[in-house]
Structure formats: structure tokens, C-alpha cells
Amino acid sequence: MPSTKRPPNDELFNKYIIENKTQKQLAEEYNTSTGMIAHWLKYYQIRKLKKLSDVFTDSRGYIKVKSPNHPFCNIHKQVYQHVLIVEDYIGRNVQKHEEVHHLDHNKSNNRLNNLVLFPNKNSHVQFHKYEEKIALYLLGITKQKPDSIKFTDPVLFLGCWVYEIELIDLAESISEQG
Ligand SMILES: [Zn+2]
């Protein structure tokens, strides 16, 4: 006789989301059917956003997610995870002319505060040059403190739309926190 006694919410959450067990594994563990597990998960509104098998890291270190309904998915029905995170925040698709940059240069760090959305390739390239100037200054190789970088179209930076970025202030505020 399969068990119908529903386990507590956090217990089920931990096993399904944190330990990433399958519904089949949970059914065996609770001596019940997968249908009953699905029922409990629905009752608590516990959902896996993406199956682990739908998330890939490509040869360049970018994380891709299976998104067959996305208008700009590739032939394998995948979209960059950093693009999806920015889109989720701005509430629209990232356009072909827009580019996303990883602030810490770690292509798999897709937290929103690490992502910068540029309106075009030119502003993205300008930002890379600006980063190099900042690095030379912080290393003491150049003495002249670089001016902030200004943009004609807004850039999404630390979750805000801005026309100007001052990285030295940011570097100093981060080192103060540390
Ligand atoms: Zn970049």
C-alpha cells in the first residue's frame, strides 16, 4: 500500500531542489507513487526551474540553457543563461545589437550584478579599453587617474540604467567592504 502521508514542505524542498533528487527517487524513498510525489510538489508549489540536463557549459565557459521557445535560440534550442537573466530583469528580449559583459570576466558568474548590458558592440569595446586603463592605474603603471566612461545610450550596470560608469570608485568601495 503506497504511503499517502505528505512530508513537510521544507523536507520535500530540500530533497527535490537542494539535493536535486528525481521524482522517481523520492517515490522510492517515501514508498509511494511518482504521481503522489508530483501531487505533493504541486501542493507546496515546489518547482525545478530547469532540469540539470537542460543546462550546459560550452567550450568557452558560457552557460547555456535549453529554451526552445526563445525567439533567439540557436539551432540546438539553447540560449545563454546570462542573456536570460538580463531579459528576466529588464522584462524584454536582449536585441541582436545589444551585448552582455561579465564584470569579473568569469563567464559562468551570471548573477545580475556581474552582468553589464551594452546597447551596441562599440560601447562594449570602449568599456574593455576603459577596464584596461583602470587596471594600469590600479597597478601603479600609469599615474593619471582615468576619467569615468560615458555613453550616449543607457547601459544596464549593477541593476540600474546609467550613462556613466566610474570603476575606480566601485573598486575602492569593494575594497572598503572587504
Ligand atoms: Zn566584455
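Calculation rules
Residues numbered from 1 in each chain as written. Predicted model: local features only at pLDDT ≥ 70, side-chain atom pairs only at ≥ 80, totals over all residues. Axes fitted to C-alpha atoms, helices over the stretch in contact; angles between N-to-C directions. Helix = DSSP H or I, 4+ residues; strand = E, 2+ residues; numbered from the N terminus. Parallel < 35°, antiparallel > 145°, perpendicular 65-115°, else oblique. Left-handed = near helix turned anticlockwise from the far one by under 90°. Contact = placed C-beta atoms within 7 Å. Nonpolar A, V, L, I, M, F, W, Y, C, P; charged D, E, K, R; others polar. Buried ≥ 20, exposed ≤ 12 C-beta atoms within 10 Å, placed from the backbone. Pairing = 2+ DSSP bridges. Domains from an automatic or database assignment. Core = buried A, V, L, I, M, F, W, Y, C linked by C-beta atoms within 7 Å.

Engineer: Looking at this model, I keep getting lost on the packing of helix H1 (residues 9-18) against helix H3 (residues 34-44). Mind explaining?
Structural biologist: If you want to describe how two helices pack, look at the angle between their axes and the distance between the axes. Where H1 meets H3, the closest approach of the two axes is 11 Å, and the angle between their N-to-C directions is 115°. With respect to their mutual orientation, H1 and H3 come out roughly perpendicular. You can see that H1 and H3 cross each other, and the crossing is left-handed. Side by side, H1 and H3 meet where Asn 9, Leu 12 and Tyr 16 of the first sit next to Trp 40, Leu 41 and Tyr 44 of the second. For the contact of H1 with H3, the class distribution of residues is five nonpolar, one polar and no charged.

Engineer: When you look at the environment of His 76 in this model, what are you seeing that I'm missing?
Structural biologist: The topology assignment puts His 76 in the loop between strand S2 (63-66) and strand S3 (78-80). As a C-alpha pair, His 76 and Lys 66 span ten residues in sequence and 7.9 Å in three-dimensional space.

Engineer: I'm lost on unusual backbone geometry in this one. Help?
Structural biologist: Of note, the phi angle at Asn 31 is positive, near 50°, even though the residue is not glycine. Here Asn 31 lies in the loop between helix H2 (23-29) and H3. C-beta crowding within 10 Å serves as the criterion here: with 11 such atoms nearby, Asn 31 is assigned to the exposed category. We note that Leu 158 has phi near 50°; this positive angle belongs to a residue other than glycine. Summarising the element assignment, Leu 158 is placed in the loop between strand S6 (149-157) and strand S7 (160-165). What makes Leu 158 partly exposed here is the crowd of 13 C-beta atoms within 10 Å.

Engineer: How do you make sense of the sheet that holds S2 when you look at a structure like this?
Structural biologist: In sheet architecture, strand pairing relies on hydrogen bonds along the backbone and comes in two forms, parallel and antiparallel. One open sheet holds the three strands; their spatial order is S1-S2-S3, and the pairing between them is antiparallel. What marks the edges here is a single partner per strand, and that holds for strand S1 (55-57) and S3. Neighbour to neighbour, the strand axes of the sheet diverge by 35° on average, direction disregarded. As paired strands, S1 and S2 are joined by three bridges and run antiparallel to one another. Its bridge partner being in S2, Thr 57 is matched across the sheet by Ile 63.

Engineer: Got a minute to help me understand the environment of Pro 7 in this structure?
Structural biologist: With respect to the helices and strands, the residue Pro 7 is situated in the segment before H1. Note on Pro 7: 17 C-beta atoms within 10 Å, which makes it partly exposed. Along the chain, Pro 7 and Ile 37 lie 30 residues apart, while their C-alpha atoms are 9.9 Å from each other. Discounting chain neighbours no more than four positions away, the residues touching Pro 7 are Leu 12 and Tyr 30.

Engineer: Got a minute to help me understand the domain arrangement of the protein in this structure?
Structural biologist: Think of interface size as the accessible area that goes away when the parts come together; that is how it is often given. Looking at the assigned domains, one finds that the protein contains domain 1 (9-44) and domain 2 (82-177). Inter-centroid distance (C-alpha atoms) of domain 1 to domain 2 is 41 Å.

Engineer: Sorry if this is basic, but what is going on with the pairing of S7 here?
Structural biologist: By the criterion of burial, S7 is predominantly exposed, with just zero of the six residues buried. Where S6 folds back on S7, the antiparallel hairpin that results is connected by two residues, among which Leu 158 adopts a positive phi of roughly 50°.

Engineer: Help me understand the nonpolar core, please; the structure alone is not making it clear to me.
Structural biologist: It is characteristic of soluble globular proteins that their nonpolar side chains tend to be buried jointly. Counting residues in hydrophobic clusters, the biggest one holds 13 residues, and the most contacted among them are Val 86, Val 116, Leu 117, Phe 118, Val 155 and Leu 156. Those elements that provide at least two residues to this core are S3, helix H4 (81-90), strand S5 (115-118) and S6. Broken down by element, this core gets its largest block of residues, four residues, from S5. Every residue in contact with Val 155, bar those within four places of it in the chain, is listed here: Val 116, Leu 117, Phe 118, Pro 119, Ser 123, Val 162 and Ile 165. With six residues, the next largest nonpolar core counts Tyr 16, Leu 26, Tyr 30 and Ile 37 among its residues.

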